[in-house]
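As a plain string of letters, each chain reads:
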Amino acid sequence: MIKNIGIIGAGTMGSGIAQVAATAGCAVKLFDVNQEALDKAKAALEKVLKRLIEKGRIDASEKDRIQANIRYVTALKELAKADLTIEAIVENLEVKKKVFQELETYVSDTAIIASNTSSLSIASIAASLQNPERCIGIHFFNPAPLMKLVEVIPAVQTSQNVLNTCVAEITRWKKVVAIAKDTPGFIVNRVARPFYGEALRMYEEGVANFATIDAAMKSVGGFRMGPFELMDFIGNDVNYTVTETVFNAFYQDPRYKPSFTQQRYSQAGYLGRKSGRGYYDYK
Ligand code: NAD
């Protein structure tokens, strides 16, 4: 068992991953540069755990235990004791590299450094470290506490020992691990690109509106969410960036071409549920 976990970024994914690790009994330090994000993560966890009590899934002492396992911090240095750190900040290679390089100056020689990136090259992230063998992709899905699947992505540099340790620990967190090769979008995000892309193209061609496409996919296709609902749930900015990264990583293969509609929605701040407006209005 890994005792000390560091999480970088207290947004949608980081806060969910912190909950998963804390539930599994780890001592978690959740770091964000933005105090507001930390406050929001703390309040959201309180709400989620209260709901779990109401549903009879946990009791009050379990809620206290999970909450006591998470500390909210505003300095990266606080993660110095982390045996495994999972980064979940903005999907930007240069920003991630900078944070990883700083983190490596604080943690022990044996500490594992992982990224929750949806689409970036783990090899590139690893190459920014003094010890690239310690770097790996650990890709959770949204919402992290509910989604069973976690992709574990060894880079060409990753040591077998780091891979084995991560697979064992994530399995202990009651997740189902799929080991994927370090290629753009890994497994799920690559398969999902045409789902979003084709839905956006159909809307742009005037085939049907958002709600009609979503309804068709749910009622006939058996999907839990239609493509527009799902993009609003994930965050249009995050989803657009992933598509752009996968498109460029595959040498502009037209199968993954990003959509101007989604680009403009992201630029307008219509990010989806988290901003109160996306393809749908949530206010
Ligand atoms: P988000 O925008 O909800 O949260 C990102 C957080 O990181 C914010 O709180 C921000 O303040 C913080 N942050 C930004 N720069 C930072 C820095 N330098 N140091 C510390 N904190 C910093 O983003 P998200 O949706 O949680 O996505 C995070 C990562 O997880 C991305 O790489 C994304 O591709 C990946 N991911 C997202 C989803 C999803 O459905 N949203 C699913 C799987 C993976």
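Everything quoted here is computed from the prediction, not taken from an experiment.

Chemist: Give me the overall build of the chain: which residues, what numbers.
Modeler: Helices and strands together make up the secondary structure of the chain, namely 11 helices and eight strands. In terms of overall dimensions, the chain is globule-like: its C-alpha atoms have a radius of gyration of 19 Å, near the 19 Å expected for 283 residues. Projected onto the principal axes, the alpha-carbon positions of the chain cover approximately 55 × 45 × 30 Å. Put simply, of all contacts in the chain between residues at least 6 apart along the chain, 63% involve residues at least 24 apart.

Chemist: Tell me about the packing of helix H7 (residues 188-204) against helix H10 (residues 236-249), and please be specific about residues and values.
Modeler: Packing of H7 against H10 brings their axes to within 11 Å, and their N-to-C directions diverge by 110°. As judged from the angle between their axes, H7 and H10 are roughly perpendicular. The handedness of the crossing between H7 and H10 is left-handed. In contact with Asn-189, Arg-190, Arg-193, Tyr-196 and Gly-197 of H7, H10 contributes Asn-239, Val-242, Thr-243 and Val-246. Taken together, the residues that form the contact of H7 with H10 break down as three nonpolar, four polar and two charged.

Chemist: Kindly report on the site of the ligand, identifying the contributing residues and their values.
Modeler: With respect to spatial proximity, 28 residues lie near the ligand, and among them Gly-9, Gly-11, Met-13, Ala-37 and Asn-142 are the closest. When contributions to the shell around the ligand are tallied by element, the ones reaching two or more residues are helix H1 (12-23), helix H4 (93-106), strand E6 (135-140) and H10. Looking at the shell around the ligand element by element, the count peaks at three residues for H1. Of the residues contributing to the shell around the ligand, the split by class is 15 nonpolar, 11 polar and two charged. Lining the shell around the ligand are residues from two domains, each supplying at least three of them: domain 1 (4-179) and domain 2 (190-273).

Chemist: Just give me the short version of the sheet that holds strand E3 (residues 70-73), but keep the residues and values in it.
Modeler: Taking strand neighbours across the sheet as the criterion, the eight strands line up as E3-E2-E1-E4-E5-E6-E7-E8 in an open arrangement whose pairing is mixed. On the outer flanks of this sheet lie E3 and strand E8 (176-179), each paired with one strand and no other. Strand-to-strand twist of the sheet, defined as the mean angle between neighbouring strand axes without regard to direction, takes the value 25°. Two strands pair when backbone bridges link them, and strand E7 (residues 149-154) and E8 are joined in this way by four bridges, in the parallel orientation. When the bridges of E8 are listed, Val-150 appears paired with Val-177.

Chemist: Before we move on, could you go through the domain arrangement of the chain and cite the residues and values that matter?
Modeler: Each assigned domain of the chain is listed here: domain 1 (4-179) and domain 2 (190-273). Of the residues lining the interface, six residues belong to domain 1; the matching set on domain 2 comes to eight residues. For the side of domain 1 that touches domain 2, the per-class residue count stands at one nonpolar, four polar and one charged.

Chemist: Residues and numbers for the pairing of strand E5 (residues 112-115), please.
Modeler: Residues Ile-112 and Ala-114 point to one face of E5 and Ile-113 and Ser-115 to the other, with burial holding for every one of them. The pairing of strand E4 (residues 84-87) with E5 spans four bridges and is parallel. Counterpart to Glu-87 in the pairing with E5 is Ser-115. In terms of handedness, the path from E4 via H4 over to E5 forms a crossover that is right-handed. Sheet topology places E5 next to E6; three bridges connect them, and they run parallel. Paired with Ile-113 across the two strands is Cys-135, which belongs to E6. As a crossover connection, the stretch from E5 through helix H5 (residues 122-127) into E6 is right-handed.

Reading the values: rules and limits
- Residues numbered from 1 in each chain as written.
- Predicted model: local features only at pLDDT ≥ 70, side-chain atom pairs only at ≥ 80, totals over all residues.
- Helix = DSSP H or I, 4+ residues; strand = E, 2+ residues; numbered from the N terminus.
- Rg over C-alpha atoms; globule rule 2.2 N^0.38 Å.
- Contact = placed C-beta atoms within 7 Å.
- Axes fitted to C-alpha atoms, helices over the stretch in contact; angles between N-to-C directions.
- Parallel < 35°, antiparallel > 145°, perpendicular 65-115°, else oblique.
- Left-handed = near helix turned anticlockwise from the far one by under 90°.
- Nonpolar A, V, L, I, M, F, W, Y, C, P; charged D, E, K, R; others polar.
- Near = placed C-beta within 6 Å.
- Domains from an automatic or database assignment.
- Pairing = 2+ DSSP bridges.
- Buried ≥ 20, exposed ≤ 12 C-beta atoms within 10 Å, placed from the backbone.
- Right-handed = clockwise from strand over helix to strand, strands pointing away.

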